[in-house]
Amino acid sequence: MKSLLGTLYLLGMLVPGGLGYNRSLAQHRQEVLDKTVTPWRSLETYSYNRYHPMGEIYQWMSQISEKYTEVVTQHFLGMTYETRPMYYLKISLPSSNPKKIIWMDCGIHAREWIAPAFCQWFVKQILQNYKDNSKIRRFLRNLDFYVLPVLNVDGYIYTWTTDRLWRKSRSSHNNGACFGTDLNRNFNASWCSIGASKNCQDLTYCGTGPVSEPETKAVSSFIESRKEDILCFLTMHSYGQLILTPYGYTENKSSNHEELIQVGQKAAKALKAKHGTNYKVGSSIDILYATSGSSRDWARDIGIPFSYTFELRDNGTYGFVLPEAQIQATCEETMAAVLSVLDDVHEKYWYSDSAGKMTSTTAVLSLLVSFTCLL
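Parameters and conventions
Residues numbered from 1 in each chain as written. Predicted model: local features only at pLDDT ≥ 70, side-chain atom pairs only at ≥ 80, totals over all residues. Heavy atoms only, no water. Disulfide = S-S within 2.5 Å. Helix = DSSP H or I, 4+ residues; strand = E, 2+ residues; numbered from the N terminus. Buried < 20%, exposed > 50% of the residue type's maximum accessible area, 1.4 Å probe, protein only. Pairing = 2+ DSSP bridges. Axes fitted to C-alpha atoms, helices over the stretch in contact; angles between N-to-C directions. Contact = heavy atoms within 4.5 Å. Salt bridge = Lys/Arg side-chain N within 4 Å of Asp/Glu carboxyl O.

Q: Please explain the state of the cysteines as it appears in this structure.
A: Among covalent bonds in proteins, the disulfide is the one between the sulfur atoms of two cysteines. Going through the model one piece at a time under the given rule, you end up with 3 disulfides. Here Cys-178 connects covalently by a disulfide to Cys-200, the sulfurs 1.7 Å from one another. Here Cys-178 and Cys-200 share a disulfide; its torsion about the S-S bond, -65 degrees, makes the bridge left-handed. Placement of the pair is Cys-178 in strand 6 (residues 178–179) and Cys-200 in the loop between strand 6 and helix 7 (214–226), with a sequence separation of 22 residues. Assessed through its relative accessible area of 5%, Cys-178 is described here as buried. With cysteine numbering restricted to those in disulfides and following the sequence, the protein has the pairing 1-2, 3-5, 4-6. Free of any disulfide, Cys-331 has its nearest neighbouring cysteine sulfur in Cys-106, separated by 9.1 Å. Taking relative accessible area as the criterion, Cys-331 reaches 0% and is therefore assigned buried.

Q: Can you help me understand the sheet that holds strand 8 (residues 242–245) in this one?
A: The strands making up a sheet associate through hydrogen bonds between their backbones, and the pairing can be parallel or antiparallel. In space, the 8 strands of this open sheet follow the order 1-2-4-3-7-10-8-9, with mixed pairing throughout. Two strands in the sheet have a free side with no partner beyond their single neighbour: strand 1 (72–79) and strand 9 (280–283). Each strand axis lies, on average, 20 degrees off the axis of its neighbour in the sheet, ignoring direction. One ladder, built from 3 bridges, connects strand 8 with strand 10 (residues 306–312); its direction is antiparallel. The residue of strand 10 that forms the bridge with Leu-242 is Glu-311. Sheet strands in contact with helix 8 (residues 257–275) are strand 8, strand 9 and strand 10, and its direction is about 40 degrees off that of strand 10.

Q: Whenever I open this one, the pattern of salt bridges confuses me. Can you help?
A: Here the idea is simple: oppositely charged side chains can pair when their charged atoms come close. In the structure shown here, the tally under the stated rule is 16 salt bridges. Here Asp-182 makes a salt bridge to Arg-167, at a shortest N to O gap of 2.6 Å. Here Arg-167 lies in the loop between helix 6 (153–161) and strand 5 (172–173) and Asp-182 lies in the loop between strand 6 and helix 7, a separation of 15 residues in the sequence. Of the charged contacts, one joins Arg-296 and Asp-297 as a salt bridge, the two residues approaching to 3.0 Å between their closest N and O atoms. For the pair shown, Arg-296 and Asp-297 are each scored as buried.

What follows is the structure, encoded as structure tokens:
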């Protein structure tokens with residue numbers, strides 16, 4: 001019976017009056033939701049082992065930027081369809097040198113609650129450890145982190161108030177006949193060519209056109225404006241335990257595909273070392289399914305060298321309704337994987353940069369020596 005219910009969950013079929021609907025189960029889910037809304041007054045009492053409604057995440061962002069004013073600033077990114085603000089956090093140490101950017105977004109799909117939980121965990125870990133952790137401090141000397149904890153704000157709120165398994169945004173289509181666009185099918189990367197639907201009632205509805213939704217417009221405009229400085233684009237999802245590289249819309253590989261696979265495999269190894277969790281690494285079309293219009297593929301297409309989708313726990317036992325008891329372990333292992341990726345990205349960029357500077361310096365010294373010999 002459990003496996004049957006799990007299948008119905010994944011298919012989004014447990015709806016009031018629909019196939020497989022169970023009122024006592026729905027009541028249990030509501031009780032779980034009620035318990036997760038825990039009042040708190042300061043960061044000291046904020047739990048990173050629980051799921052938080054959007055109001056608490058807004059408050060958390062505000063308080064964390066107030067507490068760590070020397071490194072964190074909160075920025076407005078855009079407005080959602082239902083006119084809610086989208087905010088990202090910028091984590092940056094002051095520097096006289098030009099810095100590169102790491103982008104991370106979570107919660108593009110509303111029901112994937114573990115993703116926003118990880119974004120918050122990531123921010124917390126960086127801020128609590130950057131003074132004492134030499135690796136994190138080294139990163140911050142050369143890199144700024146831009147973190148969008150919840151991309152699909154309207155959809156996320158809807159999963160708390162109405163339908164826990166809602167995936168899409170909340171835009172209205174066909175005069176209110178159906179609602180929501182799959183924001184991860186709405187980016188301008190071979191839009192709606194494969195693995196997406198033009199039927200607004202479908203889970204993978206791609207929208208009325210490329211970047212038709214205010215949420216994707218906000219992200220696209222910002223990323224496009226900073227693309228020369230962005231080294232790595234990370235978008236966090238669930239579930240499936242996968243590290244996905246471009247592409248989803250073609251079997252052709254990106255120019256640095258082998259490098260992306262190697263970096264991803266090293267990250268999967270670091271992740272497994274934490275709690276023994278196995279992740280697969282590969283392009284979406286090879287190890288998951290074909291998709292078009294994804295943010296990951298779009299980011300790679302506009303020239304961002306490292307672009308990954310993380311599909312977090314689990315493999316379907318709980319699916320999108322991952323228990324809070326698994327938040328900490330999931331975040332700990334994912335943190336290890338992300339730091340591994342950052343390590344490789346940082347080493348490649350700064351090693352190459354240093355090598356370039358060294359080559360230039362060596363050339364100048366060589367010319368000076370040659371000139372001296374002529375005197």
